[in-house]
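Here is how the chains run, residue by residue.
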Amino acid sequence: MSPTTTGGPARTVGPTHRTWSGAHRWTPAREVRPASADEVAAAVAAAAGEGLRVRAIGAGHSFSPVAVTDGVQLDLERMSGLTHVDHATGRVRVLAGTPLHQLGPLLGAHGLALANMGDIDRQSVGGALATSTHGTGLGFTGYAGMVTGLRLATADGALRWVDTEHEPELFEAARVSLGALGVIVEAELRCVPAFLLEAREQAEPLADVVPPSWSAAAPRTTSSSPGSPARTKQNTRLPLGAGVDPVGAFRSTVMDGILANGVYALMCRAGGQAPRIVPALNRVSAWGVDQRRYRDVSHRVFVADRSVRFREMEYALPLESFEEAFAGLQAVTRDLARRGVLPSFPVEVRAAAADDVWLSTAHGRDSVYIAVHRWHREDPTAYFRACEEVFAGLGGRPHWGKEHTRDAAWAAGAYPRFADFQAVRDAVDPGRVFTNDHLDRVFGA
Ligand SMILES: Cc1cc2nc3c(=O)[nH]c(=O)nc-3n(C[C@H](O)[C@H](O)[C@H](O)COP(=O)(O)OP(=O)(O)OC[C@H]3O[C@@H](n4cnc5c(N)ncnc54)[C@H](O)[C@@H]3O)c2cc1C
């Protein structure tokens, strides 16, 4: 996978940074690139002493302005790698700046793997945890559900190890915290023995996959564009001894790079000029692009390349509300189509197991995730707002790292442990060192 496509830290233009989608730009007062936990703690203490706010940044891959700061930006890219591996328990400690695409091979060298991953691997460990990043599969939680301990640099300049025995309330709150409680410098993750995945990607009539059959054994991602069939990716777990049959470098370049991403790029550009041809292009991309089966070590199969930039909103809904939510979404796209608005990106459908992480989007309920997208040069407002009305009306919770318009009053009703989270926040960061305008909205000032 090319690091120039889905990857790299927030793209820097002189002192100005922007998010992967390009929707948000900012210029921090100061940038610090600490190389140790002590340097992180010192940077936090110095900023707090000067009355500056602090934001850690990972890869800048959030669609929302959650990482934006006018204060001190702490870039953890120099804090990368494993610090401890416990082969008996499968628990590993990893520095929070480690990109997920490096973590897979690092774990593999120890015969370990993450039980599940999202659909790209450019994020940092700290960023993925902070926003409740997830993959798909009802047998699996998102990344925050794999965390068994965290080392945090807090607003008072201290470094604290937190887990279920040490400051358990702070641990529970910090597993998903949008960086509001401190800087994660190290995380302990529960891993599983390394395994292979066999992926089957194909196009199927939409009616055959809605409602999806959620198999815990072979989780699926389904994506579908208005007026087109669905494309599904189904991953089956196999032991390492089953043997690999990877996507070759040539095939990967042609299929993913030229066809999949290239067709999307064409669709997006053409759709902007002539929206009526979008459904036809959607059909071409769904039926025409790579029907394939391949088998490889898990961290190579979970992820895909995303070279066409887009903006995204994603909601986690109670599993049982999927059909109503999908019907509402179809009504939205029909209504928009009548007004000449035809989103040129597919809708993506995934699922995840319930967990007990206080601000996890799957807290307390098995969840279906529905994501809607628009090409980065198109205004997503009308589409996203209409979809959000449907999803929020069904008790949906927005992905913390993607676009949405929810606020603290809403979050208080959506998350049963929100008041507990706020109490921890008041105790650990009373002066609100770790905030920005976005957090002031979603958590309150
Ligand atoms: C192409 C693409 C594909 C994606 N696919 C998925 C997917 O499959 N599943 C999914 O759930 N999401 C997905 N996302 C969303 C993405 O996983 C999240 O937005 C994630 O937070 C990005 O990680 P990052 O390292 O870029 O964090 P950033 O965007 O840099 O930061 C996100 C938040 O984390 C905080 N943060 C970062 N590091 C730390 C730290 N060390 N300590 C404390 N706080 C910290 C920041 O302050 C900020 O609040 C995708 C995004 C893109 C652009």
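What you see is a predicted model, and the numbers here were worked out from it, not measured in a lab.

(A) Structural view of the site of the ligand. Inspection of the region around the ligand gives 36 residues, with Ala56, His61, Ser62, Thr131 and Arg350 positioned closest. A distance of 2.6 Å separates an oxygen atom of the ligand from a polar backbone atom of Ala56. For the ligand, whose unbound accessible area comes to 970 Å², protein coverage reaches 99%. Of all the elements in the fold, those that place two or more residues in the shell around the ligand are strand E5 (54–57), helix H3 (125–130) and strand E12 (183–190). Per element, the largest residue contribution to the shell around the ligand is four residues, and it comes from H3. Residues that form the shell around the ligand fall into these classes: 16 nonpolar, 16 polar and four charged.

(B) Summary view of the packing of aromatic side chains. Considering all chains together, one arrives at 13 aromatic pairs under this definition. With 6.3 Å between their ring centres and 80° between their planes, Phe195 and Phe302 make a pair best called edge-to-face. With a gap of 107 residues between them, Phe195 in the loop between strand E13 (192–193) and strand E14 (196–204) and Phe302 in the loop between helix H8 (298–301) and strand E18 (310–318) connect regions that are remote in the sequence. Residues Phe310 and Phe345 carry aromatic rings whose centres are separated by 5.3 Å and whose planes lie at 50° to one another, so their mutual orientation is tilted. Remark: Phe345 occurs in the loop between helix H9 (322–338) and strand E19 (347–352) and Phe310 occurs in strand E18; sequence separation between them is 35 residues. By relative accessible area, Phe345 is classed as buried at 6%.

Analysis parameters
Residues numbered from 1 in each chain as written. Predicted model: local features only at pLDDT ≥ 70, side-chain atom pairs only at ≥ 80, totals over all residues. Heavy atoms only, no water. Near = heavy atom within 4 Å. Polar contact = N/O pair within 3.5 Å; in protein donor to acceptor, adjacent residues only side chain to side chain. Areas by Shrake-Rupley, 256 points an atom, 1.4 Å probe, with all protein chains shown as cover. Helix = DSSP H or I, 4+ residues; strand = E, 2+ residues; numbered from the N terminus. Nonpolar A, V, L, I, M, F, W, Y, C, P; charged D, E, K, R; others polar. Phe/Tyr/Trp six-rings, centres within 6.5 Å; stacked < 30°, edge-to-face > 60°. Buried < 20%, exposed > 50% of the residue type's maximum accessible area, 1.4 Å probe, protein only.

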